Amino acid sequence: MKRPKLRKASKRLSCHKRYKIQKKIREHHRKVRKEAKKRGHKKPKKDPGIPSAAPFKEELLREAEQRKQRLEELKQKQKLNRQKEHEKKRKLEAKKNAAAIKEQAEGKESSGKSKGKTKKPLNKNSKKSFCRELMKVLEASDVVLEVLDARDPMGCRCPQLEQAVTSSGGNKKLLLVLNKIDLVPKDNVEKWLNYLKKEFPTVAFKSATMMKDKTMQEQVTKRHARVDFSETSQYFGSKCLLKLLQGYGRTQDKAIQVGVVGFPNVGKSSIINSLKGKRACNVGLARGVTKSMQTVHLDKQTKILDSPSIIADPSNSALALALRSVIDPEGSDSADVLEGVNAIINHCSKQQVMMHYNIPDFRDPEEFLSLLAQKRGMLKKGGVPDIENMAKLVLCDWTGARIKYYSQPPGFQKLPPYLTEQKIAEMQEGFNLNNLDQENSNTVQALKHPSPASSIAFQSAGMTSGIIEEHKVIEEESKWANMETSKEEEQEEEEEEEEEEEGKTESDDGEDDMEEDDDDDIIEESQVQLTRKAEPGKRQTNPRNSKGQGAGNERSRSLSFSLDKPADEDDAYDFNTDYV
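Reading the values: rules and limits
- Residues numbered from 1 in each chain as written.
- Predicted model: local features only at pLDDT ≥ 70, side-chain atom pairs only at ≥ 80, totals over all residues.
- Heavy atoms only, no water.
- Helix = DSSP H or I, 4+ residues; strand = E, 2+ residues; numbered from the N terminus.
- Buried < 20%, exposed > 50% of the residue type's maximum accessible area, 1.4 Å probe, protein only.
- Contact = heavy atoms within 4.5 Å.
- Salt bridge = Lys/Arg side-chain N within 4 Å of Asp/Glu carboxyl O.
- Pairing = 2+ DSSP bridges.
- Axes fitted to C-alpha atoms, helices over the stretch in contact; angles between N-to-C directions.
- Parallel < 35°, antiparallel > 145°, perpendicular 65-115°, else oblique.
- Left-handed = near helix turned anticlockwise from the far one by under 90°.
- Nonpolar A, V, L, I, M, F, W, Y, C, P; charged D, E, K, R; others polar.
- Core = buried A, V, L, I, M, F, W, Y, C linked by side-chain atoms within 4.5 Å.
- Arc of directions from axis to C-beta.
- Patch = residues over 30% accessible without salt bridge, like charges linked within 9 Å, V, L, I, M, F, W, Y side chains within 5 Å.
- Areas by Shrake-Rupley, 256 points an atom, 1.4 Å probe, with all protein chains shown as cover.
- Phe/Tyr/Trp six-rings, centres within 6.5 Å; stacked < 30°, edge-to-face > 60°.
- Lys NZ or Arg CZ within 6 Å of the ring centre and 35° of its normal.

1. Here we look at the overall build of the protein
Phase 1: When helices and strands are tallied, the protein shows 18 helices and ten strands.
Phase 2: Here the protein, with 580 residues, has 33% of them falling under the buried criterion.
Phase 3: Expressed as a percentage of contacts within the protein between residues at least 6 apart in sequence, the contacts between residues at least 24 apart total 74%.

Written out as C-alpha cells, the structure reads:
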C-alpha cells in the first residue's frame, strides 16, 4: 500500500486572528508613546556658537577652522605612516617567501627530479602552447596535410612549415589539400591544381561546414518549418583523400598517423569531420577553436591528428595578417581593422567590388566603407556612417566563407629554396598520382562553381611566413620579462631613496611643528592685547570717534586678511604697533 504524501501546514491565518494581532500591535505602540510623553523628550542641546555681537568673531572662527585642519593633517600623516609600515612588512614577507621558493626549487633540482616538472604550465590560449602542440603533431605524423584556401592558395602556404617537413627526414610526406573549391571558378581551380601538383601532391576538396551529430536533431521553429542541413553537410573529395592515404599505408605495411595543419579558418577541423562522416572535432568561425592536439581514428590503419593553427609572423604584410585572421575584428584596435580592410580593397578589382556590394564609384577604402555603411543603415548619431563597425563586418566576411574571390597562380613556376627535384620525387613517392588526377577532375566536375563575373578578382601577396618553433616566441616574451625585471629594480631603488628622504623630512617636520606652535602662541597673545585695547575704545560712544571707528574696522579687516595668508607672510605683521 502506498504511503500518503504529507502536506505542509499552510502559513495563512484566519481574518479573526490577523485582526487581533494588528489590534495588539496598535495598543503596544500607543502605550510606548504615552510613556515617552510622561518621561519627556530630552533633545540634545545645540552648540550656541559664537554670538554675532562678540568682538573678533571672524578671527575666532578662523582659529577654530585652523585647529580642525591641523587635526585632519595629523590624522592623514598617521594614516600614511601606517600604510608605509604595512607596505614594508608586506615587502619583507614577499622577499622571505621568494627566498623560500628558491630554496625549495634548488632542493628539487638537487634531488634529481626532471626539468619538465619544474616548468610552469602554459596557458592553452598562448602562442607558445600553440607552437608546442603544432610541433607535437609534426613529429608524431607520417603524412602532413597542409590545408589551403582555394581563394588564396599561395597566401595559405607557410614556407617554414614546408621546410620543417621536407628537411625532417624519416620518410615524412607532405600533401596539399585545396579546400573551399566551391567558392572559386572552375577554370581557376584547374589552374591551381596544375600549378601545385608540380611541387607536392594536391587534393581538391570541399568540406562540410556543418556536420549532423547524434545530439543535433532536426530543429523545428515557429518561423521556419525545418532547418535544412543538406547544403552545409555536403562534402566532396573525401573518398579521393582516403584512397590516397590508405594506399600509402599499404606501401608502408603499418598504421599511419596523418597530421592536419594550416592557418586559421582554412577548414582543418571541417576536413577531419568530412573524412570521418560525422562531427568529431569542434568547428567555428572564430580562430583558435582547436587549442591542442586531438586524435581521431578513421580506421584500424589510419589515425588523424588535428592541430592548432599556425601563428603568422607579425612581419608579414597587412593583407596577409588580415586574411590569415591575425587581426581579430572583435579584439583588435579599430586602426588595425581599418588597415586590414584597406589592404584587401586595394588588392581587389574595383569594378567587381562595386558590382558585388552594389555601391557607386569610390575614391578610397574609407569612402567605400562609408557608402556601404549608409547602404546598410549602420549610422551613428546625426547620420554619421559607422566606419569602424562596418570595417569589422567586411573583415569577417572576407576571412569567413561569404565572399567568393579568386587569385591567379604565378605566371612561371619558381621552386622555393628548400625544394629540389630530388625532394619533389621523394614527396611523390608512394602515392598513385594518375589516380589522384582522375579523382580531382571528377570532384571539380561534380561541384557547382561560381562564374568569374559573380566573384571578385584578387591579387595575392604570396606565401605567408609563420612561427613554428617555440623558442622564437619565448625570445619575444623574454624581452618583455627583462624589461619588467629592470622596471622592478628601478622601483625598488626609488622606494629606498624615498625612505631615506622621509627619515630626513620627519626630523625637519618636528622642528617646523615647534616653530608653528611658537607662532600660534605669539598670535594668541597679540589678540588678547588687541581686545584689551579695543574695550575702552568701545566704551567711548562719542560721535567724534565715528571716523576713528571706521578706520579701526578697516584695519581689523586688514588684520583678518593677513591671517588668511600663509606663515611666510605673517612675519610682515608688526605686533608692537597699535592698529586700533
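The discussion continues.
2. Overview of the pattern of salt bridges
Phase 1: This model, assessed by the stated rule, comprises 14 salt bridges.
Phase 2: Where Arg157 meets Glu162, a salt bridge forms, and the shortest distance between an N and an O atom there is 2.9 Å.
Phase 3: The exposure class of Glu162 is buried, given its relative accessible area of 0%.
Phase 4: Note that Asp437 is salt-bridged to Lys197, the shortest N-O span being 3.8 Å. With Asp437 in helix α15 (residues 433-446) and Lys197 in the loop between α6 (186-196) and β3 (202-204), this residue pair connects regions lying 240 residues apart in the sequence.
Phase 5: Here the residues in one salt-bridge network are Asp149, Arg151 and Lys180, joined through shared partners.

3. Observations concerning the sheet that holds strand β2 (residues 173-179)
Phase 1: Read from one edge to the other, the open sheet built from six strands follows the order β3-β2-β1-β4-β6-β5, with strand pairing classed as mixed. Every other strand in the sheet has two partners, leaving β3 and β5 (294-297) as the edge strands with one partner each. Ignoring which end each strand starts from, the neighbouring axes of this sheet average 25° apart.
Phase 2: Both strand β1 (residues 143-149) and β2 contribute to a ladder of seven bridges, which runs parallel. Across the sheet, Glu146 pairs through a bridge with Leu176, a residue of β2.
Phase 3: Lying over the sheet, helix α8 (residues 268-276) contacts β1, β2, β4 (256-261), β5 and β6 (302-306), oriented at roughly 155° with respect to β6.

4. What about the packing of helix α10 (residues 334-346) against helix α13 (residues 387-399)?
Phase 1: Running from amino to carboxyl end, α10 crosses α13 at an angle of 55°, the nearest separation of the two axes being 9 Å. Classified by the angle their axes make, α10 and α13 are oblique. Classified by chirality, the crossing of α13 by α10 is left-handed. Listed contacts from α13 to Ser334, Val337, Leu338, Val341 and Ile344 of α10 are Ile387, Glu388, Ala391, Lys392, Val394, Leu395 and Trp398.
Phase 2: Residues belonging to the contact of α10 with α13 are distributed by class as follows: nine nonpolar, one polar and two charged.

5. What to know about the nonpolar core
Phase 1: If you look at the biggest cluster of nonpolar residues, it comprises 93 residues, and the most contacted ones within it are Leu178, Tyr357, Phe368 and Trp398.
Phase 2: Looking at this core element by element, the count peaks at six residues for α13.
Phase 3: Those residues in contact with Leu178, other than ones at most four positions away along the chain, are Leu148, Ala150, Pro153, Val189, Trp192, Leu193, Leu196, Thr202, Val203, Ala204 and Phe205.

6. Notes on α6
Phase 1: Within α6 the residues assigned to the buried category are Asn188, Val189, Trp192, Leu193, Tyr195 and Leu196. One side of α6 carries all its buried residues, which in axial view fall inside an arc of 165°.
Phase 2: Tucked inside the fold, the buried residues of α6 contact β1, β2, β3, β8 (405-407) and α15.

7. A look at unusual backbone geometry
Glycine aside, negative phi is the norm for most residues, and most peptide bonds take the trans geometry.
Phase 1: Despite not being glycine, Phe56 shows a phi value in the positive range, around 55°.
Phase 2: Within the secondary structure layout, Phe56 lies in the loop between α1 (15-39) and α2 (57-110).
Phase 3: Using a relative accessible area of 24% as the deciding quantity, one classes Phe56 as partly exposed.
Phase 4: One non-glycine residue, Asn358, lies in the positive phi region at around 60°.
Phase 5: Locating Asn358 in the fold gives a position in the loop between α11 (350-357) and α12 (365-376).
Phase 6: By relative accessible area, Asn358 is classed as exposed at 58%.

8. Overview of a nonpolar patch on the surface
Phase 1: A contiguous nonpolar surface patch, about 260 Å² in accessible area, is contributed by Leu13, Ile21 and Ile25.
Phase 2: Among the secondary structure elements, Ile21 is positioned in helix α1.

9. Things to note about the packing of aromatic side chains
Aromatic rings in a pair are described by how distant their centres are and how their planes are angled relative to each other.
Phase 1: Taken as a whole and judged by the stated rule, the model has seven aromatic pairs.
Phase 2: Ring plane angle 90° and centroid distance 5.8 Å describe the contact between Trp192 and Tyr195, whose orientation is recorded as edge-to-face. A residue pair is termed a helical-turn pair when its members lie 3 or 4 positions apart in one helix, as Trp192 and Tyr195 do in helix α6 at three residues.
Phase 3: For Trp192, a relative accessible area of 1% translates into the label buried.
Phase 4: One Lys or Arg, Arg18, reaches over the ring of Tyr19 and ends 5.6 Å from the middle of that ring.

10. Quick word on the packing of helix α7 (residues 238-252) against α8
Phase 1: With their axes 9 Å apart at the nearest point, α7 and α8 run at an angle of 85° to one another. Relative to α8, the element α7 is oriented roughly perpendicular. Only Ile271, Ser274 and Leu275 of α8 make contact with α7, whose side of the interface consists of Ser238, Leu241 and Leu242.

11. What to know about the environment of Leu196
Phase 1: The topology assignment puts Leu196 in helix α6.
Phase 2: Sequence-wise, Leu196 and Gln413 are 217 residues apart; in three dimensions their C-alpha atoms are separated by 9.4 Å.
Phase 3: When near neighbours in sequence (up to four residues on either side) are disregarded, Leu196 contacts Leu148, Pro153, Arg157, Leu176, Leu178 and Thr202.

12. Quick word on the pairing of β5
Phase 1: Of the pairings in the sheet, the one linking β5 to β6 comprises four bridges and is antiparallel in character. The residue bridging Val296 from the neighbouring strand is Ile304, located in β6.
Phase 2: Once β5 ends, the chain turns through four residues before running back antiparallel as β6.

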